[in-house]
Number of protein chains: 2
Amino acid sequence: MIAFDEIGQICALSPSKIVLLVIDGLGGLPDPKTGKTELETAHTPNLDYLAKRGICGQSDPVSPGITPGSGPGHLALFGYDPFKFTIGRGVLEGLGIGFDLVNGDIAVRGNFCTVDAEGLVTDRRAGRISTEKCAELCELLKRVKLDGVVLFVKPVREHRFLLVLRGNGLAAEVADTDPQKTGIAPYVAVATKPEAERTAGIANNFVERAKEILAKQSPANMLLLRGFSKLPQIPSMSEIYKLKPAAIARYPMYKGLAKLVGMKIYGVDDGIEEELRILAACYREHDFFYVHVKEGDSAGEDGDFQRKVKVIERVDAALPQLLNLKPDVVVVTGDHSTPAMLKGHSWHPVPVLLHAQWCRPDRVQEFSESACVSGGLGRIHATDIMPLAMANALKLIKFGA
Amino acid sequence: MIAFDEIGQICALSPSKIVLLVIDGLGGLPDPKTGKTELETAHTPNLDYLAKRGICGQSDPVSPGITPGSGPGHLALFGYDPFKFTIGRGVLEGLGIGFDLVNGDIAVRGNFCTVDAEGLVTDRRAGRISTEKCAELCELLKRVKLDGVVLFVKPVREHRFLLVLRGNGLAAEVADTDPQKTGIAPYVAVATKPEAERTAGIANNFVERAKEILAKQSPANMLLLRGFSKLPQIPSMSEIYKLKPAAIARYPMYKGLAKLVGMKIYGVDDGIEEELRILAACYREHDFFYVHVKEGDSAGEDGDFQRKVKVIERVDAALPQLLNLKPDVVVVTGDHSTPAMLKGHSWHPVPVLLHAQWCRPDRVQEFSESACVSGGLGRIHATDIMPLAMANALKLIKFGA
């Protein structure tokens, strides 16, 4: 991929507009009964129209064979090398619940767990306590006060919570206390670099106080910490691409990821139709729009093939709202595949279509995994999508004389 | 791409011969009236014959979405990473007019411009004066003599000229004096590294003297300098590939680029037929031949779809001359796309065909952008073409045991 300082030198301001529509978990696997994937099963006249007039292909969010999390999947789509720009687990947990992390914060992912009388871990997830119970325990932990640091403990889901340490001079180089197995005691937090020793000490003090508070609780009577991390230092999309980018998304994680790369966030409470109404409303103010549809991934994760089909059909039915705006470049893809057959993210490349006046159309007649294999884009890295979108929007000048 | 020290270790001498035929600006876009590109419109029985028996694909000269200049486009075809080996604007201008740059020379691209009574730039190109006028002004500037340095001022085209500073201990780390906008004075040349301070001083002395000489001229009464550069340090193709490479080309830029990588230059005054006669004449003396056809790009830049079609047909008609020599490997491609529809270089991948006894033929039946999408080479980086040509010529031994 081209480096930021190189692409930065060839980005030019122009009034053209790019829409990147991300159907989360878009790629699928065929239902053995029909031989068709979710996308191939769905009735998608509008996506097929775009595919016919545009150019298609397959994209690897991270690298062939690698199953991406939502962080790397999205960063790659925004043009950021997912190997170079990594987001710690703690930070991702914070983004996921919409916690407003500030620079310098140490975010940590916590598990409530069960320990026996000797303090050895017997269940790392405390039997997956309910989210309500998790919220109660987080409330109890508000009692913990430590010198020189402000603490935040927020429930996430089931046994998972977010711990944030806010203060001066904190460092994230602290190893997990989660031993990743049962039958042994949680580890003491250890600094992996000298500058993190104070932070490790604070974490240990927090754990000690929390242990006393949780001791009488059941089944969750202890906690484990992992993924100590800070907000990554990421150049913004405006710095790199000279864009005024907007994100239109419903769920905190995606708004958080978009905020990380400097997009202006437009939250919505409902589906794609509302997102596209917002898109129309803010269309003049921006030149790049990331529109996120979460439900494809959720249906895939639930193994609900038919629901994923319906999600794709709902997006397709709403597409005319988008096309009426006549964006110069429309890209439709996913941040990764989530085949209902696998009930989870997968390594399969993601179908991608790009529609623009100056694309070189291929022979693809429909938007589907099988058809995209023969598309003119070939098999690309997801990080190539932004340069391709920029080029097709005539926002890139020549590289070298 | 494989690094030079790695491929260098597996290159073997052999009598086999490789011909790299570069149709400049080969790739195109379909004419909306016919749905066919220039290459698809052209009648090309010989190229189709090679495509049928060979293997095809698409190549990105620099990176997907990136529009290459001629420098990066050609370096990539010769196997050089265009991000690592960059050619400064001044040097490229020198190559373009066939100026014989020597190591240590500082080449600079100059613009004759117009300044007002206060010395503020009013037109960065002085109304694009004629090339004849440019030559006159360059002649006047011959009067400038400076201590410790030999100066060359050569007309290029319209308002553009080449300035070369020749002397000991010169350095190219000097910022442009071209402010890139009107309404302000030209910048003073500033060294960006201490070792270039003397060079910046020489440049400023030159500008002062030139200003006096040009003061009474109109409309070009001043000059702007940009792209201070030296010949890049590039290992030769003989060092890397153990080849004895020859370049057969008509235009100075391409002879210059070929000379940069150590090819022996055979100039021609006419088209592809003469180039192929020269190829036959020097066939015994070399094992690698780069044959350059400029006219495809020129027609594309002029937006002349039909002329580009004719250029491709003329190359096709001449091909038997080449095939009669029975080269072990023939590669036909471009250094970038220049769609007549866009009247300029573009980011679209370039069709490539490789014909050799040991290639693995694919199902492609004709040489065209659409057909190449399904070719056995897939979508490759242009820097992979040289290793593929070398391999098909059986000039590469095994990598690793």
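This section reports on the structure supplied with the text.

The rules behind the values
In this convention, every chain numbers its residues from 1, walking through the sequence in written order. Written order decides the labels, with chains lettered from A and ligands numbered from 1. Note on the predicted model: pLDDT of at least 70 is required for a residue's local features to be given, and 80 or more for side-chain atom pairs to be given and counted; whole-chain, interface and lining totals, by contrast, use all residues. Side-chain measures were taken over the full set of non-hydrogen atoms in the model, leaving aside hydrogen atoms and water. Cavities and pockets were defined on a 1 Å grid built from protein atoms only: a cavity is a group of points that admits a 1.4 Å probe but offers it no way out, a pocket is an open group of points flanked by protein on both sides within 12 Å along at least five of seven lines, and a lining residue is one with an atom within 4 Å of any such point. Grid points are joined across faces, edges and corners, and a volume is the space filled by probe spheres set on the points. Each residue gets one label: Ala, Val, Leu, Ile, Met, Phe, Trp, Tyr, Cys and Pro are nonpolar, Asp, Glu, Lys and Arg are charged, and the others, such as Gly, are polar. Whenever Lys or Arg places a side-chain nitrogen within 4 Å of a carboxyl oxygen from Asp or Glu, that contact is recorded as a salt bridge. Relative accessible area decides the class of each residue, using a 1.4 Å probe on protein chains only: under 20% of the type maximum gives buried, over 50% gives exposed, and in between gives partly exposed. A least-squares fit on C-alpha atoms brings the copies together, and the residues used are those whose pLDDT is at least 70 in both copies. Only heavy atoms matter for contacts: two residues are in contact if any of them lie within 4.5 Å across the pair. Put simply, buried area is how much 1.4 Å-probe accessible surface two parts lose in total, over both of them, once they are put together. Think of a polar contact as two N or O atoms within 3.5 Å of one another; within protein, one of them needs to be a possible hydrogen donor and the other a possible acceptor, and neighboring residues in sequence only count if both atoms come from side chains. Secondary structure elements follow DSSP: runs of H or I of four or more residues count as helices, runs of E of two or more count as strands, with numbering from the N terminus. Residues belong to one nonpolar core when they are buried, are Ala, Val, Leu, Ile, Met, Phe, Trp, Tyr or Cys, and are joined through side-chain atoms within 4.5 Å. Only strands joined by at least two bridges in the DSSP assignment are considered to pair. Every axis in this analysis is a line fitted to C-alpha atoms, fitted for helices over the stretch in contact. Angles between the N-to-C directions lie between 0 and 180 degrees.

### Description of empty space enclosed by the protein
Under the defined criterion, the tally for this structure stands at three cavities of 30 Å³ or more. Size it by volume and the largest cavity reaches roughly 60 Å³. Taken together, Met1(A), Ile2(A), Phe4(A), Ile7(A), Gly79(A), Tyr241(A), Thr383(A), Asp384(A), Pro387(A) and Ser63(B) make up the full set of residues lining the largest cavity. Tallied by class, residues from the lining of the largest cavity come to six nonpolar, three polar and one charged.

### Regarding the pattern of salt bridges
When the charged atoms of two side chains with opposite charge come close together, those side chains can pair. Residue and element names in this part refer to chain A. Counted under the stated rule, the structure contains 38 salt bridges over all chains. Notably, a salt bridge pairs Lys 142 with Glu 139, separated by 3.5 Å at the nearest N-O pair. According to the relative accessible area criterion, Lys 142 is partly exposed, its value standing at 46%. Through salt bridges with shared partners, one network takes in Glu 93, Arg 109 and Arg 160.

### Considering the relation of the copies chain A and chain B
The transformation that overlays chain A on chain B combines an axial shift of 0.3 Å with a rotation of 126 degrees, and the residual RMSD is 0.2 Å. Such a turn and shift between the copies fits a three-fold axis. Judged by C-alpha distance, Ser374(A) is the residue of chain A that lies nearest the rotation axis, at 3.4 Å.

### Concerning the interface of chain A and chain B
Interface size, as often reported, equals the accessible area lost upon joining of the parts. Taken together, the contact between chain A and chain B spans 27 residues of the former and 33 residues of the latter. The largest share of the area that chain A buries against chain B comes from Arg360(A), Phe399(A) and Ala401(A), three residues that together contribute 35% of it. Here chain A and chain B share zero salt bridges between them. Our count for the chain A to chain B interface comes out at eight residue pairs in polar contact (both at pLDDT 80 or more). For the side of chain A that touches chain B, the elements supplying multiple residues, two or more each, are α1 (4–8) and α14 (385–392) of chain A. With four residues, the single largest contributor to the side of chain A that touches chain B is α14(A). Class assignment for the residues of the side of chain A that touches chain B results in 17 nonpolar, five polar and five charged.

### Focus: the nonpolar core
If you look at the biggest cluster of nonpolar residues, it comprises 64 residues, and the most contacted ones within it are Ile7(A), Tyr80(A), Met237(A) and Tyr241(A). By residue number, the principal contributor to this core is α14(A), which donates six residues. With 55 residues, the next largest nonpolar core counts Phe4(B), Leu75(B), Phe288(B) and Met386(B) among its residues.

### Things to note about the sheet that holds strand β10 (residues 288–293) of chain B
Residue and element names in this part refer to chain B. Across the sheet, which stays open at both edges, the eight strands sit in the order β9-β8-β10-β1-β11-β12-β2-β13 with mixed pairing between neighbours. On the outer flanks of this sheet lie β9 (264–267) and β13 (378–381), each paired with one strand and no other. Strand after strand, the sheet turns through a mean of 25 degrees between neighbouring axes, direction not considered. The sheet contact formed by strand β2 (residues 55–60) and β13 spans four bridges and is parallel. What sits directly across from Gln 58, in β13, is Arg 379. Those strands touched by helix α3 (residues 45–53) are β2, β11 (329–333) and β12 (350–356), and its axis lies near 70 degrees from that of β12.

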